[in-house]
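# What the coordinates show
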Amino acid sequence: MASQWKLVQRLLGALLLLVCLSGFMLVAVRTAWLCDDAYISFRTVDNFVNGYGLRWNVAERVQAYTHPLWLFVVAAAYHFTHEVYATVQILSLVLTFLAAGIVVFVLIDSTASAVVAVATLAFSKAFVDYSTSGLENPLSHLLLVMFLAVYFSGREEHRKTLLLSFIAACAALTRVDTLLIYGPALLWHLVRVHRLRSFLFAALGFVPLAVWEAFSLVYYGYLVPNTAYAKLDTGIAQAELARQGFAYFISLAEADPLTLAILVAGLSLPILLSQTRAIAISLGALLYLAYVVYIGGDFMCGRFVTVPFLAAVVLFAAAPMRPVHAAAALLTVTLLGFMAPYPAVLTDATYGADRLRIPGNAFRDERGVSDQRGFYYQATGLLRGPENGWEVKHVWANEGHRLRKTGAKIAISGTMGFRGFYGGPNVHIIDIHALCDPLLARLPARDPVNWQIGHFRREMPKGYDQTLVSGENRLLDKDLAAYYDKLALITRGPLLDAERLRTALALHRGEYDDLLAAYIARIPKTNTPRGNRGEPESADSSIRSSVASAPGYDAPPPGSAQASMWTGDADE
Amino acid sequence: MNSETPRTAADRAILLLALSLFAVVLVRTAWLCDDAYITLRVVDNFVNGHGLVWNAGERVQVYTHPCWLFLLALPYALTHEDFLTTLAVSMAVSLLAAGVVASRVARTALCGVVAVAALVFSQAYVDYSTSGLENPLTHLLLAAFLALYFRDTSGAGTLFLLSLLASLAATNRLDAFLLLIPPLFFGWLRLHSVRGTLALFIGLLPLAAWEIFAIAYYGFPFPNTAYAKLGTGIAPPELLEQGMAYLSNCWHRDPLTVLTMWAGVAASILRWNGRALAVSLGMFLYLAYVVRIGGDFMAGRFLTAPFLCGVALCVGWSRVEAERLTKTCRPLLEWPGRHLGELAGFIAVLAIALAGMGSPWPLEQIRSALARFTGGTAPEPAWAQPEPTVMSTSGYGRRQTGFKDEHGIGNERMFYFQDAGLLRYRRNVALPVSRYAREGQAYRLQDRALTEIHGSVGFRGYFAGPKVFIIDYYALTDPLLARLPALYAPNWRIGHFTRAIPEGYEQTAAALQANPPQFASSANVLAGAPWEWPLWAELRRMARGYYNEPHDEELHAVLLRDSQISDANLAAYYAQLALITRGPLWSRERWVAIWRMNTGYYDSLIDQDAYRFSGMRRVALADVQWPVAAGPSWSGAAGTAISARGLHVALGELRHESVLDMSLEANDAYRVILMHGAQIAAERNLGPGEASAGPFASYHLELSETVSSTGYDAIRVFPLHGDMRYRLGNVAIGGGSENSTESAPAAV
């Protein structure tokens, strides 16, 4: 009788959890969206699936994405549907559902704790926002909870070592920064096992990462993606970046207090309870957060904290709660959730529409950190799908369509996700924020004082556009021209040419750095005085004139709607 | 409220979650006020070797919170950064205090959650958990004291710790001692042994040590701010009224804070033992003191400490107390009795949340029902709660309408948040961004000795740096002005008591700053690192009897040489004061001056009436006794203009008439006072009234018997409010004025 009652109780518990999980998924569905940056990867996916290779501009091999594994997952789905809007959102939702399911049914024993965990996920604006978005976060979440499930289970040692390192490798392939989270836990595991063979198994687990790096080195000529150069190698003072990183968390405190509070509570709980195994995870998450501060955070509010946040939720809910605890925790979580100015649970198809009507960018706070979902929801939201005809409804997307229709050869742009994707493979886009441009990514940011995080605008070298249009090196600066010859050999030369591989290695060893340094020393500085942040600057005349003189293309008249594209609209 | 079982992991988890909530709320509301920067200038000077001084070269204790100052000085010495350092210290200390309350004062995890909920939803507590003032440290010391105090241990060791914590709290802010005297006394009574008494006194040593230091270094036992804010010459009833307004402001704007204090008192009655009741008594003592001094201009600032006591009383039930109560309740509540703790907890949290969110309906309805019941008018809704504290974002205080109530009590966080709120942080903008800070920076850029007169001197003083000598006309930082009475102002604002700057004082200060008097030993005794302080050398010299021989006869001459104060008595007073604040620390003359200054020997040198009523326009009765011509209102020549500082009508002799007629410009309100020598014999507010003779309204005053029998020799008229153009028509003593049509029957 007693065992039957227990069974009923467990069934009821599972049912309750399913209801909660559905509630969370309802929130996730109602908030599903895609961002412009995701479309950068989708252009590569499109080119890949259509046989142009893993390239963004088909003319050159540049890794314009940080998340190879996510790219392949999306590519696999895209191969069948040839549609991204719904495909990627549904894919993200499925991954999110799996992750939340593992949290609730595998990682947490007590029903009350699991309810708290689900509520926490649903009330976290960051987690809900980046459960879709088209970026790699949902895959990172799934891999994290898989890792934690294996890590906290008592399986046999070698298989566990292999699994842990394999998942960590996959996570690194999804986003390499997350290795910081897994590092201490892996190390702790290896130290505990303390056998030579387990190191071999760990190494075996990391083979996928090694394979990818080898491929990346041969194919792209670089070990790290181009975006890393564009965002991390900007010539901006480290202290300035760290201050911006601190500001990222201030923005988080304002926009999403729950996420910050759970990070604090969840990551410090293992230390308070001295659970050594969990402390390793805390430590990893803290390392990762420190890294986020170090690199200046991001312009997408909450994007870089969702993975440590998920770890914090799991660590927090690991404490088996009685209903009274759960009730207290739920009250707190609800309050924290509603302290956000735009709670995720309350949003519907009109999300962001009110702020779109405000002149200027009402989504971005004064630290340059913005509510990206608000900015894009009307254009890409899942609930907006039927109305949008399952196409991005955005001025940048329209510009992309126009590029394709006019058969443009070249375009210059600051935000090139929608534009690039809808522009198609025939147009070569120069990204002035350098995410997708190999040469610009190696130049310092134009203004090392007044910049928005994630938007490090580069000064366009004279003759670069003519070079790209004509296909021959017309860069005016001799040093830069020499450097570009090497770079072009890597990005455009025959793949397995011995000369190309030698150049790639030489470039890695820094043999051509003095060419670049010589050019950089000659760039006129455009430092605006400190603390004098005004409106985003208008079009840089040098860019426009150089485009106008580029053969084979007519620049649109300045001031026209089309002209904004040429100015490298730095809005988002 | 249940038995004190060890905490489970889940207990710790929810406590941690609650504390994280508090931490996030702190981040979202963190701010600094101008007054905090007064302390920071001392910290800056101290760390840079100028001694514990505000204006370099003048030893004045401009801060009320020595402990807090030293706590700030430690990290400041490392960072040399004002904004984030102060906020980090405040937040860390506040968080620690909340942690102690939630995990050490509260007996169960659920009680801890209730406690944190109360803290989070109290606007006053959250606002002053940062602000840069000493409140966080007061909270921490108070929480530690109560955690120890509610434990059922009694012994000399415990009493020593309690007394030590109390003396630290007193050194952090002297007022807080009032809260702790009854519990400390209770603890001593319980023990009642020689060892206990000894422990009590040893624990009080830090306070004694500080007082000795303050007298030796600054020459006064109390901070300068106390003299500036308490010795203003304002009549006690007026201060009492202001103090009551302070409490009523809190009740209207932040009801949870008041409710929690009452709940604490109720809990102490339910607990029914001396231990808990003593805490309640302390709260009453403290609140009585706050009311007596007129409260403060910062809404809620002085109420956070008793509020914390209230929280502690509510959640710090011991097992015995809880069991007794449940036993009493058992017949009443059979089933709920078993879950009383949990139920009470949740009801408490919900009630706290409701009150804290400023949810208007229940409280507003209770209030208006009460008002209807008592026959009064319904109070206006919460006037300055544009958003509950937990909901405040970076836009807080962007609109400042109604930040200050009619009693001058302001929501200071709202006032400063846009300039000095943490949520306004940007990587390339140095906070605070206040206009005052920019003014200070402009002074610093001049990089030379300056003497300036200003009101709000926090940001200005800190950013101006040590080269600028600032005279604060609110006297918080000025030793001379703090000892002058405040200028008579019918509309005085609490905490902002303007002083008249004596003629020649600015020049004297400038001269002293330009060439400081050369004393035998004028080295700053606190310069450099603590182990290098010249103080130690000075003490050694004193021990050797170096200072026993009579000192330089020229000392007074040196101090008076540069004095350009035209009031000879005041110049003499200032010479003594400057000897204390600038003279060699151990000279015999200085110690004589300290003794005399503190015992009131020199008080007669200050002409109280002259400085309280400085800058009045003075006329004789003969100039104003003729009725004004009933001309059109624009005939500007008619009547006598009243300056912003008032009009003095000298009567020439002591008059005893009981009837007084006067006419004043009709559209303004005035205060009229009758003087008997330097004493105020009677005062009365007049107007605005109906114009009867041109622009003037006539008022007929009947004086009470006591006033007319003691007599009066001058009439003073002050503008209260109006069109900035104030005039007196005429004054007729003894009645008989033809203009007097309107009668003001009430006696003054």
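Right above here is the structure, for reference.
A brief structural summary. If you're wondering where the values come from, they're calculated on a predicted model, not measured in any experiment.

The rules behind the values
- Residues numbered from 1 in each chain as written.
- Chains lettered and ligands numbered in written order.
- Predicted model: local features only at pLDDT ≥ 70, side-chain atom pairs only at ≥ 80, totals over all residues.
- Heavy atoms only, no water.
- Patch = residues over 30% accessible without salt bridge, like charges linked within 9 Å, V, L, I, M, F, W, Y side chains within 5 Å.
- Areas by Shrake-Rupley, 256 points an atom, 1.4 Å probe, with all protein chains shown as cover.
- Salt bridge = Lys/Arg side-chain N within 4 Å of Asp/Glu carboxyl O.
- Helix = DSSP H or I, 4+ residues; strand = E, 2+ residues; numbered from the N terminus.
- Buried < 20%, exposed > 50% of the residue type's maximum accessible area, 1.4 Å probe, protein only.
- Contact = heavy atoms within 4.5 Å.
- Pairing = 2+ DSSP bridges.
- Core = buried A, V, L, I, M, F, W, Y, C linked by side-chain atoms within 4.5 Å.
- Axes fitted to C-alpha atoms, helices over the stretch in contact; angles between N-to-C directions.
- Parallel < 35°, antiparallel > 145°, perpendicular 65-115°, else oblique.
- Nonpolar A, V, L, I, M, F, W, Y, C, P; charged D, E, K, R; others polar.
- Left-handed = near helix turned anticlockwise from the far one by under 90°.
- Buried area = accessible area lost by both parts, 1.4 Å probe.
- Polar contact = N/O pair within 3.5 Å; in protein donor to acceptor, adjacent residues only side chain to side chain.

All names here are of chain A. On the surface, W5, V8, L12, L15, L18, F105 and V106 cluster together into a nonpolar patch covering about 690 Å² of accessible area. Contributing elements (two or more residues each) for the nonpolar patch: α1 (2-31) and α4 (85-107). Broken down by element, the nonpolar patch gets its largest block of residues, five residues, from α1. With respect to the helices and strands, L15 occurs in helix α1.

What follows deals with helix α21 (residues 412-420) of chain B. All names here are of chain B. Counting buried positions along α21 gives seven out of nine residues, so the element sits mostly inside the fold. All of the buried residues along α21 are E412, R413, M414, Y416, F417, Q418 and A420. Of the surrounding elements, those touching the buried residues of α21 are α1 (9-29), α2 (34-47), α4 (83-105), α6 (123-127) and α23 (458-464).

With that out of the way, let us pick up the pattern of salt bridges. Once their charged atoms are close, side chains differing in charge can pair, the charge on each being opposite to the other. Inspection of the entire model under this criterion finds 39 salt bridges over all chains. A salt bridge links D371 of chain A to R355 of chain A, with the nearest nitrogen and oxygen atoms 3.0 Å apart. A residue pair is termed long-range when its members are at least 10 positions apart, and D371 of chain A in the loop between α18 (353-356) and α19 (372-380) and R355 of chain A in helix α18 qualify at 16 residues. Given a relative accessible area of 9%, D371 of chain A falls into the buried group. Between D296 of chain B and R301 of chain B there is a salt bridge whose closest N-O contact spans 3.5 Å. We note that D296 of chain B, like R301 of chain B, is buried. Within the structure, one salt-bridge network assembled from shared partners comprises K125, D129, R355, D371 and R373 of chain A.

A few words now on the pairing of strand β7 (residues 669-676) of chain B. Residues and elements named next belong to chain B. By the criterion of burial, β7 is predominantly enclosed, with seven of the eight residues buried. Of the pairings in the sheet, the one linking β7 to strand β10 (residues 712-721) comprises seven bridges and is antiparallel in character. Note that in β10 the partner of V672 across the bridge is V717. The sheet contact formed by β7 and strand β8 (residues 679-686) spans seven bridges and is antiparallel.

Within the largest apolar cluster, 330 residues are counted, with the highest numbers of intra-cluster contacts made by Y39 and F147 of chain A together with L146 of chain B. In terms of residue count, α1 of chain B provides more of this core than any other element does, 14 residues in total. In terms of nonpolar packing, the next biggest core, distinct from the first, is built from 41 residues, A64, Y229, I412 and L440 of chain A among them.

Turning to the pairing of strand β9 (residues 696-702) of chain B, a few remarks are in order. Residues and elements named next belong to chain B. For β9, the tally of buried residues reaches six of seven residues, placing the bulk of the element in the interior. Pairing analysis gives seven bridges linking strand β6 (residues 659-665) to β9, with the strands arranged antiparallel. The partner of D661 across the bridge, within β9, is H700.

Moving on: the packing of α1 of chain A against helix α5 (residues 111-123) of chain A. All names here are of chain A. Here α1 crosses α5 at 5°, and the two axes come no closer than 9 Å. The angle between α1 and α5 places the two elements in the roughly parallel class. For the pair formed by α1 and α5, the contact residues are G13, L16, L17, C20, L21, F24 and V27 on the first element and T111, A114, V115, V118, L121 and A122 on the second. For the contact of α1 with α5, the per-class residue count stands at 11 nonpolar, two polar and no charged.

Okay, the packing of helix α28 (residues 568-582) of chain B against helix α29 (residues 588-598) of chain B next. All names here are of chain B. Contact geometry of α28 with α29 gives a least axis separation of 9 Å together with a crossing angle of 120°. Regarding the angle of α28 to α29, the classification is oblique. As for how α28 packs across α29, the hand of that crossing is left-handed. Contacts between α28 and α29 involve Y573, Q576, L577, L579 and I580 from the former and E589, R590, A593, I594 and M597 from the latter. Taken together, the residues of the contact of α28 with α29 break down into seven nonpolar, one polar and two charged.

With that out of the way, let us pick up the side chain of S90 of chain B. Residues and elements named next belong to chain B. Topologically, S90 is positioned in helix α4. For S90, a relative accessible area of 0% translates into the label buried. Apart from the residues within four sequence positions on either side, S90 is in contact with W68, S129, T130, G132 and P136.

Each strand in a sheet pairs with its neighbour through backbone hydrogen bonds, running either in the same direction (parallel) or in the opposite one (antiparallel). Residue and element names in this part refer to chain B. With mixed pairing, the five strands of this open sheet are ordered in space as β3-β5-β10-β7-β8. Lying at the two open borders of the sheet, with one neighbouring strand each, are β3 (617-620) and β8. Pairs of neighbouring strands in the sheet enclose a mean axial angle of 25°, with direction left out of account. In the sheet, β3 pairs with strand β5 (residues 647-655) via four bridges, with the strands oriented parallel. Following the sheet pairing, A620 is matched in β5 by A650.

Time to look at the interface of chain A and chain B. Buried accessible area, meaning the area lost when the parts come together, often serves as the stated size of an interface. Facing the 44 residues of chain A at the interface are 34 residues of chain B. Taken together, both faces of the contact between chain A and chain B bury some 3,500 Å²; the carbon and sulfur share is 72%. Here R426 of chain B and E366 of chain A are joined by a salt bridge, their closest N and O atoms 3.7 Å apart. Where chain A touches chain B, the interface holds 14 residue pairs in polar contact (both at pLDDT 80 or more). Contributing elements (two or more residues each) for the side of chain A that touches chain B: α13 (238-255), α14 (257-272) and α17 (323-339) of chain A. Among the elements that make up the side of chain A that touches chain B, the one with the highest residue count is α17 of chain A (12 residues). Grouping the constituent residues of the side of chain A that touches chain B by class yields 30 nonpolar, six polar and eight charged.

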